[in-house]
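# Architecture at a glance
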2 protein chains.
Amino acid sequence: MFRCGLSRLYKGLSRPTGHIVQPIWCSFPRSLVLSPQRRIPDFNSFVGRTNTCGELRTSHLGQEVTLCGWIQYRRQNIFLVLRDFQGLVQVVIPQDESAASVKKILCEAPVESVVQVSGTVVSRPPGQENPKMATGEIEIKVKTAELLNSCKKLPFEIKDFVKKTEALRLQYRYLDLRSFQMQYNLRLRSQMVMKMREYLCNLHGFVDIETPTLFKKTPGGAKEFVVPSREPGKFYSLPQSPQQFKQLLMVGGLDRYFQVARCYRDEGSRPDRQPEFTQIDIEMSFVDQTGIQSLIEDLLRYSWPKDKDPLIVPFPSMTFAEALSTYGTDKPDTRFGMKIVDISDMFRNTKIEILQDVLSQPQGTIKAICIPEGTKYFKRKDVETIRKLATDQFNQEILPVFLNANLNWNSPVAKSIMEEQKLELLRLLEIQEEDMVLLTAGEHNKTCSLLGKLRLECADLLEARGMVLRDSALFSFLWVVDFPLFLPKEDNPGELESAHHPFTAPHPSDIHLLYTEPEKVRSQHYDLVLNGSEIGGGSIRIHDAELQRYILATLLKEDVKLLSHLLQALDYGAPPHGGIALGLDRLLCLVTGAASIRDVIAFPKSFRGHDLMSNAPDYIPPEELRPYHIQVSRPTDSEAEKSSLNHPPDPEN
Amino acid sequence: MFRCGLSRLYKGLSRPTGHIVQPIWCSFPRSLVLSPQRRIPDFNSFVGRTNTCGELRTSHLGQEVTLCGWIQYRRQNIFLVLRDFQGLVQVVIPQDESAASVKKILCEAPVESVVQVSGTVVSRPPGQENPKMATGEIEIKVKTAELLNSCKKLPFEIKDFVKKTEALRLQYRYLDLRSFQMQYNLRLRSQMVMKMREYLCNLHGFVDIETPTLFKKTPGGAKEFVVPSREPGKFYSLPQSPQQFKQLLMVGGLDRYFQVARCYRDEGSRPDRQPEFTQIDIEMSFVDQTGIQSLIEDLLRYSWPKDKDPLIVPFPSMTFAEALSTYGTDKPDTRFGMKIVDISDMFRNTKIEILQDVLSQPQGTIKAICIPEGTKYFKRKDVETIRKLATDQFNQEILPVFLNANLNWNSPVAKSIMEEQKLELLRLLEIQEEDMVLLTAGEHNKTCSLLGKLRLECADLLEARGMVLRDSALFSFLWVVDFPLFLPKEDNPGELESAHHPFTAPHPSDIHLLYTEPEKVRSQHYDLVLNGSEIGGGSIRIHDAELQRYILATLLKEDVKLLSHLLQALDYGAPPHGGIALGLDRLLCLVTGAASIRDVIAFPKSFRGHDLMSNAPDYIPPEELRPYHIQVSRPTDSEAEKSSLNHPPDPEN
């Protein structure tokens, strides 16, 4: 029998017995399988009901119950199906004259009205059991009923199979929240965070500390919302993370801090980003990189939902350089292969001029990925799409090689490659019959990025064509480590900027390079990647004030005055410390298999940052701005045009 | 032996054995009494140390330990006392030639430097034990030492007995956090909130749901900070509470919601208020007032610190009218008596003209409070202060009556009052020898407010003179109920405004009055009061859309368009619901006996809303405001003057 979700959410410590398929909009009746045994949380304390609708089983037979719920549907004025967050139950509408008033209430209330009924749990007549329904063996013989609130005509039906646009769902979020999937997502989120808190607070002595969100703009903090104060010209800002505060807490001797922290980032319009988001924010004193990694592995293992396979720790780890050369990205999706292979060595003595040229350049390489059964699955149009992507986005040529069932080559280059080389390629790329190979030549980083991108595109294409490449039940965690400490500035490559943030400590083996070749210094930053998404990042921090001053002032040319409080704090006995932040919305999105982070947030903003329900942000009369000493400056026409280019209209609106 | 604080914080489920005195700045060595038995939280996982400094006892004798901590002080280059959050331990500096490098490190590092030491736990030589120190029977024979970070000259010593101004403490908050008291306050806060979460989430099936803080300005929300968006003229606002969202969650079928919610209120400068604060926010469906009250009583009982006396539930309850007439306030401090007594009836036939006049007015009353031993403790100057307060703030005359050791009256009115009346007064006010009585005559509400104010003033004065009136270990909870639903508008008494908020449901017995005498309608609002401070408030909400529309549009004359999403939600099957919010900062302030809520917040703002450490809020260059289409409008001189009157300069600055 098909089972999912809420049933297991509240089963406490019971272990899953098998694999749970995670449908995006599974239907109510069959999905809510509740164990009849007593659950730990008491959902019926302090309220008028005696039971939830969804929990009733044959073990409740004969009991007098009072239920509160929404009318899901009604059949011929004989049956009514009542719903609460825990599931559905069938209510028998009394037909005898003496219960006329009860019948009237239950027959006249529109669907989605809220009613309270009292009655007896009875067996369904033989043959009328519904095995697809968790409560399908029983029904309620009603004695009294009360209409608690009537429902007007709805903008859409609260049935999981009824498809709605996301704009409609967001506009009527309070109705969308009644769906099984949103109930599951939000309840799972609550429980997973609770397990994390238990782990950190109760088992490992972390202190949950709230840090301010009305703070001061950080140097270069272009993505920080500002909040005008009542002092003319002075603004707070909403911080992107509690980074400074968590470091100051370490200086303050609160040596194990965590917070489920609200953070803010004003990036204009970005799909699948939110202007406010939540991170599990952690910092420890006297810790090294291994310590933080072990903590996070154990934390995730402990808080992992019981309806998933248990996590296996430790997670694999990979250097940034290796991630780039093997997967073309710093956040590899390691659920599948199709790794990038450097085949430069095979072509050292090639006659093909263009390849000769590339290999003679510094960092010139020839690389390839093998697309399993690509020859079989891909259409001509797919290959054209791939080549076009390479030229449009990377200005690179892609050479496809098609292999037939006998591993014969079908490619323009085939004749220029010796048989021996072909065999070597088959071996290196682990090529099988009907695979396709994509070859490219160019500078190392660029070819890696290109093939990394094509690897994901081809995976999507293969899955669209029916191949099962990425197991939806597989959670493939990966640490990426040894990032560079600095990167050349995009707009001025002669200068350096922090690859992550300026408080990241350099790798101990590279400290000497800070004063000679800072661009070669690796950092003690680490990223946690899950199924190709970055879900966390952190670092060991600089605790030496002199080193921090040198990096800020000399290497990054920042105004140290703006960070004087932090530098001063490092002077006064700052312990060595490090930490990490996990992106909670993204993590829950992956865990629940949701299509978007909006599906794991109760009241998300649209991708333009709008609340489609209340219509925030909104205009404010000038007199309400006066206490803040600001006024609106309408953009000129050309600015407005530019701004509308950056922010395309909300398709949801 | 004197014990307090951190020792018990981490003792898990052990019950307190006696009364804990709560010193505001108790000294480290004697206060950190740790039980040597194994605690549940492992403070040493994932880090370099094997133990905390403060946990070592004779049971650790012979163990090789590695400790990390701050140098608290050094004695004659022979002993060094190392501190971490859990306490102090004595380290013996080796004197032999072979350990010269260890000696050098430990003798040269300045106080508050961070060091790591490894060595053996040994007994102190007989006679050298320190019974005032939790670790006073042992010391560490050091083998190796490492200086982790050196400390520069501090702005103040990290010793609890060193007094600092609050401005200095806030400027160097990271140093102030090292004090025992701040460690205790923040750790207790974390644990108490964790217990609340366990209770709500694990035991009673509440769902922890995060609601947005970037929202839309509520009608009349004058105290809401605004946040400019990138769309010209459009603003988010930072909500004062998740009120709308929690009601929408009920409509969405998430029928037990809670959140430790960050809230924002821009009140300019108010002592002991913060622009951002935290509330335990709760909402339930299908609940009545009794249900919410029982929940909160049980929640507080469950999460109450183990080092305090257990709470006794249920809490007493009092109507608003009774609170006003007995204590002159809606948040009575019920730790002591001195209740207001109406003595009008005794004077119905009085010859005193002024009293006759008053009693002939509508609502005219004569009231009194008895100040225990006031005649003995109060000086002439005190009585003058009291009379001045009455005339200055209430435009009322106060008549003091002093009673001597024989209960003889010493007062100008004494001769106008008959002996019989005097005896009746003695009985009604429970007057004892050397008490003082304060009499006043006037309109009911005004005399109540005046005497309520004087009651508190006199209590402060009595305590300043040495009387013990309010037991600091006593936590006196009280429910105040049956508030009026509406109040006359202050600036236009012909119109009504909500006494609390417009979503509060009317009292069921008063609903008919809504359409005839709305000013007489009582509400289903309830406040929770602790020791005279309001620490929580909530209500049963309106779930009927028509009633909500009538109250908003007809009675309150609000623009219902701004709340159309909420009204619409009530149309679509909103369940009956209610909730409450507890002010976490205030609650913790009372529980820890802190002088101010700033002492239970890691990084508080000064009373002018400044972060004295980082200097927030701060100026922002105009180009950083441009993406938000706002510009600063400098106030004119007269406006600036007015503003500076409203916001006196920060005395802390």
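- Looking at an unreviewed UniProt entry, chain A carries the name Aspartate--tRNA ligase, mitochondrial, with the source organism given as Chrysochloris asiatica.
- Its UniProt record, at the heading Sequence similarities (unreviewed entry), says of chain A: "Belongs to the class-II aminoacyl-tRNA synthetase family. Type 1 subfamily."
- We quote the UniProt Catalytic activity (unreviewed entry) comment for chain A here in full: "tRNA(Asp) + L-aspartate + ATP = L-aspartyl-tRNA(Asp) + AMP + diphosphate".

### A word on the overall build of chain A
- Of the regular secondary structure elements, chain A holds 19 helices and 24 strands.
- Expressed along its principal axes, the backbone C-alpha trace of chain A runs to roughly 95 × 75 × 55 Å.
- Expressed as a percentage of its 653 residues, the buried residues of chain A come to 60%.
- In chain A, 69% of the contacts between residues at least 6 apart in sequence involve partners at least 24 apart.
- Carbon and sulfur atoms form 52% of the exposed surface of chain A, whose accessible area is close to 26600 Å².
- The centroid of the 78 positive side-chain charges in chain A is displaced by 6 Å from the centroid of its 83 negative side-chain charges.

### Focus: the pairing of strand β21 (residues 533-540) of chain B
Residue and element names in this part refer to chain B.
- Along β21, seven of the eight residues are buried, which leaves the element largely enclosed by surrounding structure.
- Pairing geometry for strand β20 (residues 525-530) and β21, over six bridges, is antiparallel. By the bridge assignment for β21, Tyr-526 is matched with Gly-538.
- Remark: two residues form the turn of the hairpin made by β20 and β21, two consecutive strands paired antiparallel; Asn-531 in that turn has positive phi of roughly 50°.

### Remarks on the relation of the copies chain B and chain A
- For the pair chain B and chain A, the superposition axis carries a translation of 0.0 Å, the fit reaches an RMSD of 0.1 Å, and the rotation angle comes to 180°. The superposition of one copy onto the other is thereby described by a two-fold rotation axis.
- Here 100% of the interface residues in chain B have copies in chain A that are interface residues too; the copies meet face to matching face.

### Considering unusual backbone geometry
Residues and elements named next belong to chain B.
- Backbone torsion omega between Val-313 and Pro-314 reads -5°, so that peptide bond is classified as cis.
- Secondary-structure assignment places Pro-314 in the loop between α8 (289-303) and β11 (317-319).
- Residue Pro-617 is bonded to the preceding Ala-616 through a cis peptide linkage, with omega at -5°.
- Positionally, Pro-617 belongs in the loop between α17 (584-592) and β23 (618-619).
- Located in the positive-phi region is Asn-395, a residue other than glycine, with phi close to 55°.
- Residue Asn-615 is not a glycine yet carries a positive backbone phi of 70°.
- Within the secondary structure layout, Asn-615 lies in the loop between α17 and β23.

### Description of the environment of Val-193 of chain A
All names here are of chain A.
- In this fold, Val-193 is placed in helix α6 (residues 180-203).
- Classification of Val-193 as buried rests on a relative accessible area of 5%.
- Residues Val-193 and Ser-303 lie 110 residues apart in sequence; the distance between their C-alpha atoms is 7.6 Å.
- Leaving out residues up to four positions away in the same chain, Val-193 has contacts with Val-260 and Leu-584.

### Notes on the sheet that holds strand β3 (residues 87-92) of chain A
Residue and element names in this part refer to chain A.
- Sheet architecture is closed into a barrel: five strands sit in the order β1-β2-β3-β5-β4, paired in mixed fashion. With direction set aside, neighbouring strand axes in the sheet form an average angle of 55°.
- Where strand β2 (residues 79-84) lies against β3, six bridges are found, and the strand directions are antiparallel. The residue bridging Leu-82 from the neighbouring strand is Val-89, located in β3.
- Sheet contacts for helix α3 (residues 100-108): β1 (64-75), β2, β3, β4 (114-123) and β5 (138-149); angle to β5, the most-contacted strand, approximately 75°.

### Description of the sheet that holds strand β14 (residues 399-403) of chain B
All names here are of chain B.
- One open sheet holds the five strands; their spatial order is β12-β13-β16-β14-β15, and the pairing between them is antiparallel. With one partner strand each, in any of the chains shown, β12 (341-342) and β15 (409-410) form the two edges of the open sheet.
- Docked against the sheet, helix α14 (residues 444-464) engages β13 (364-371) and β16 (436-443), running at close to 155° with respect to β16.

### Some details on the pattern of salt bridges
- Counted according to the given criterion, the structure contains 90 salt bridges over all chains.
- A salt bridge links Arg-470 of chain A to Asp-460 of chain A; the nearest nitrogen and oxygen atoms lie 2.7 Å apart. A residue pair is termed long-range when its members are at least 10 positions apart, and Arg-470 of chain A in the loop between α14 (444-464) and β17 (477-481) and Asp-460 of chain A in helix α14 qualify at ten residues.
- According to the relative accessible area criterion, Arg-470 of chain A is buried, its value standing at 17%.
- Notably, a salt bridge pairs Arg-522 of chain B with Asp-510 of chain B, separated by 2.8 Å at the nearest N-O pair.

### Examining the packing of helix α15 (residues 545-555) of chain B against helix α16 (residues 564-571) of chain B
All names here are of chain B.
- At their nearest, the axes of α15 and α16 sit 8 Å apart, and the two run at 150° to each other. Here α15 lies roughly antiparallel to α16, going by the angle between them. Here α15 contributes Ala-545, Gln-548, Arg-549 and Leu-552 to the contact with α16, which in turn contributes Leu-567, Leu-570 and Asp-571.
- Of the residues that constitute the contact of α15 with α16, the class distribution is four nonpolar, one polar and two charged.

### Comments concerning the interface of chain B and chain A
- Tallying the contact residues gives 136 residues for chain B and 136 residues for chain A.
- For the pair chain B and chain A, the summed buried area comes to about 12100 Å², and 58% of that belongs to carbon and sulfur atoms.
- Counting across the interface, chain B meets chain A through 14 salt bridges.
- For Lys-216 of chain B, the salt bridge identified is with Asp-618 of chain A, shortest N-O distance 3.5 Å.

### What about the pairing of β13 of chain B?
Residues and elements named next belong to chain B.
- For β13, the tally of buried residues reaches eight of eight residues, placing the bulk of the element in the interior.
- The pairing of β12 with β13 spans two bridges and is antiparallel. The residue of β13 that forms the bridge with Val-341 is Ala-368.
- Taken together, the eight bridges between β13 and β16 define a ladder with antiparallel strand orientation. Residue pairing across strands places Ile-369 opposite Leu-438, the latter belonging to β16.

### Side note on the side chain of His-610 of chain A
- Within the secondary structure, His-610 of chain A sits in the loop between α17 (584-592) and β23 (618-619).
- A polar atom in the side chain of His-610 of chain A sits 2.5 Å from the side chain of Glu-231 of chain B.

### Describing the packing of aromatic side chains
- Applying the stated criterion across every chain, the model contains 33 aromatic pairs over all chains.
- Ring centres of Phe-320 of chain A and Phe-483 of chain A lie 5.2 Å apart, and the angle between their planes is 35°; this geometry places the pair in the tilted category. Here Phe-483 of chain A lies in the loop between β17 and β18 (486-488) and Phe-320 of chain A lies in helix α9 (residues 320-327), a separation of 163 residues in the sequence.
- A relative accessible area of 3% places Phe-483 of chain A in the buried class.
- Their ring planes at 65° and their centres at 6.2 Å tell us that Tyr-572 of chain A and Tyr-172 of chain B sit as a pair that is edge-to-face. Of this pair, Tyr-572 of chain A sits in the loop between α16 (564-571) and β22 (577-583) while Tyr-172 of chain B is found in the loop between α4 (166-171) and α5 (173-176), placing the two residues in two different chains. The burial state of Tyr-572 of chain A is the same as that of Tyr-172 of chain B; both residues are buried.

### Points about α9 of chain A
All names here are of chain A.
- All of the buried residues in α9 are Ala-323, Leu-324, Thr-326 and Tyr-327.
- Looking at the packing, one finds that the buried side of α9 touches β11 (317-319), α14 and β17.
- A positive phi of about 70° marks Gly-328, the residue just after α9.

### As for the environment of Gly-494 of chain A
- Assignment of secondary structure puts Gly-494 of chain A in the loop between β18 and β19 (496-498).
- The sequence separation of Gly-494 of chain A and Pro-94 of chain A amounts to 400 residues, and the corresponding C-alpha distance is 83 Å.

### A word on α14 of chain B
- With 21 residues, α14 of chain B extends 30 Å between its outermost C-alpha atoms, agreeing within 8% with the 30 Å of an ideal straight helix rising 1.5 Å per residue.
- Buried residues along α14 of chain B sit against α9 (320-327), β13, α11 (374-377), α12 (380-394) and β16 of chain B.

### Some remarks on the environment of Lys-308 of chain B
Residue and element names in this part refer to chain B.
- Relative to the helices and strands, Lys-308 resides in the loop between α8 and β11.
- Through-space distance from the C-alpha of Lys-308 to that of Ala-581 is 23 Å; in sequence the pair is 273 residues apart.
- A distance of 3.4 Å separates the side chain of Lys-308 from the backbone oxygen of Val-591, its partner in a polar contact.

### Overview of the state of the cysteines
- Across all of its chains, the model carries zero disulfides over all chains by this definition.
- Note on Cys-107 of chain A: no disulfide assigned, nearest cysteine sulfur contributed by Cys-151 of chain A at a separation of 17 Å.
- Not engaged in a disulfide, the cysteine Cys-458 of chain B finds its nearest cysteine sulfur in Cys-370 of chain B; these two sulfurs lie 10 Å apart.
- Here Cys-458 of chain B falls in the buried class, since its relative accessible area comes to 0%.

Rules and cut-offs
- Residues numbered from 1 in each chain as written.
- Chains lettered and ligands numbered in written order.
- Predicted model: local features only at pLDDT ≥ 70, side-chain atom pairs only at ≥ 80, totals over all residues.
- Heavy atoms only, no water.
- UniProt positions renumbered as here; feature names shortened; annotations may be inferred.
- Helix = DSSP H or I, 4+ residues; strand = E, 2+ residues; numbered from the N terminus.
- Buried < 20%, exposed > 50% of the residue type's maximum accessible area, 1.4 Å probe, protein only.
- Contact = heavy atoms within 4.5 Å.
- Areas by Shrake-Rupley, 256 points an atom, 1.4 Å probe, with all protein chains shown as cover.
- Lys, Arg positive; Asp, Glu negative; His and termini not counted.
- Charge placed at Lys NZ, Arg CZ, Asp CG, Glu CD.
- Pairing = 2+ DSSP bridges.
- Least-squares fit on C-alpha atoms with pLDDT ≥ 70 in both.
- Axes fitted to C-alpha atoms, helices over the stretch in contact; angles between N-to-C directions.
- Salt bridge = Lys/Arg side-chain N within 4 Å of Asp/Glu carboxyl O.
- Parallel < 35°, antiparallel > 145°, perpendicular 65-115°, else oblique.
- Nonpolar A, V, L, I, M, F, W, Y, C, P; charged D, E, K, R; others polar.
- Buried area = accessible area lost by both parts, 1.4 Å probe.
- Polar contact = N/O pair within 3.5 Å; in protein donor to acceptor, adjacent residues only side chain to side chain.
- Phe/Tyr/Trp six-rings, centres within 6.5 Å; stacked < 30°, edge-to-face > 60°.
- Expected span 1.5 Å × (residues − 1).
- Disulfide = S-S within 2.5 Å.

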